[in-house]
Amino acid sequence: MKFGFGKKPEKAVRQFEKENYKPVLKCSICTGEQVAGFKNIHSGKFEEVMLIRNAKELEAFMQLYDVKEIVREY
């Protein structure tokens, strides 16, 4: 499953396997760094998609993948 890490968001909505993956925002307690991606609900493996530096980038990620809500993990 490829997500296109490091690429600019496109206008079209991308798809992810909703039955196997859930959207997650991984947050560092120490540095405050946030990375958006998808976590496999069966294996727990996290796939990074993009670095989130502000609310605008988070909104772009959510629109790009048609995500209504995202879970934060620390």
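Residues numbered from 1 in each chain as written. Predicted model: local features only at pLDDT ≥ 70, side-chain atom pairs only at ≥ 80, totals over all residues. Heavy atoms only, no water.

Novice: Give a detailed account of the overall build of the chain, specifying residues and quantitative values.
Specialist: Counting its regular elements, the chain contains one helix and four strands. For the chain, the α and β elements follow one another from N to C terminus as β-β-β-α-β. Here the chain holds 74 residues, and 34% of them are scored as buried. The contacts in the chain between residues at least 6 apart in sequence include a share of 40% that link residues at least 24 apart. With an accessible surface of roughly 5,300 Å², the chain has 50% of that area assigned to carbon and sulfur atoms. (Helix = DSSP H or I, 4+ residues; strand = E, 2+ residues; numbered from the N terminus. Buried < 20%, exposed > 50% of the residue type's maximum accessible area, 1.4 Å probe, protein only. Contact = heavy atoms within 4.5 Å. Areas by Shrake-Rupley, 256 points an atom, 1.4 Å probe, with all protein chains shown as cover.)

Novice: If you had to explain helix α1 (residues 55-64) to someone new, which residues and values would you point to?
Specialist: Glu-57, Leu-58, Phe-61, Met-62 and Leu-64 are the residues of α1 that are buried. The buried side chains of α1 occupy one side of the element, clustering within an arc of 165 degrees when seen end-on. Within α1, the exposed residues directed more than 90 degrees away from the buried face are Ala-55, Lys-56 and Gln-63. Contacts made by the buried residues of α1 are with β1 (21-27), β2 (34-40), β3 (46-52) and β4 (71-73). The opening residue of α1 is Asn-54, an N-cap whose side-chain oxygen sits 3.1 Å from the backbone nitrogen of Lys-56. Just downstream of α1, Asp-66 is the residue with a positive phi angle, here 55 degrees. (Arc of directions from axis to C-beta. Polar contact = N/O pair within 3.5 Å; in protein donor to acceptor, adjacent residues only side chain to side chain.)

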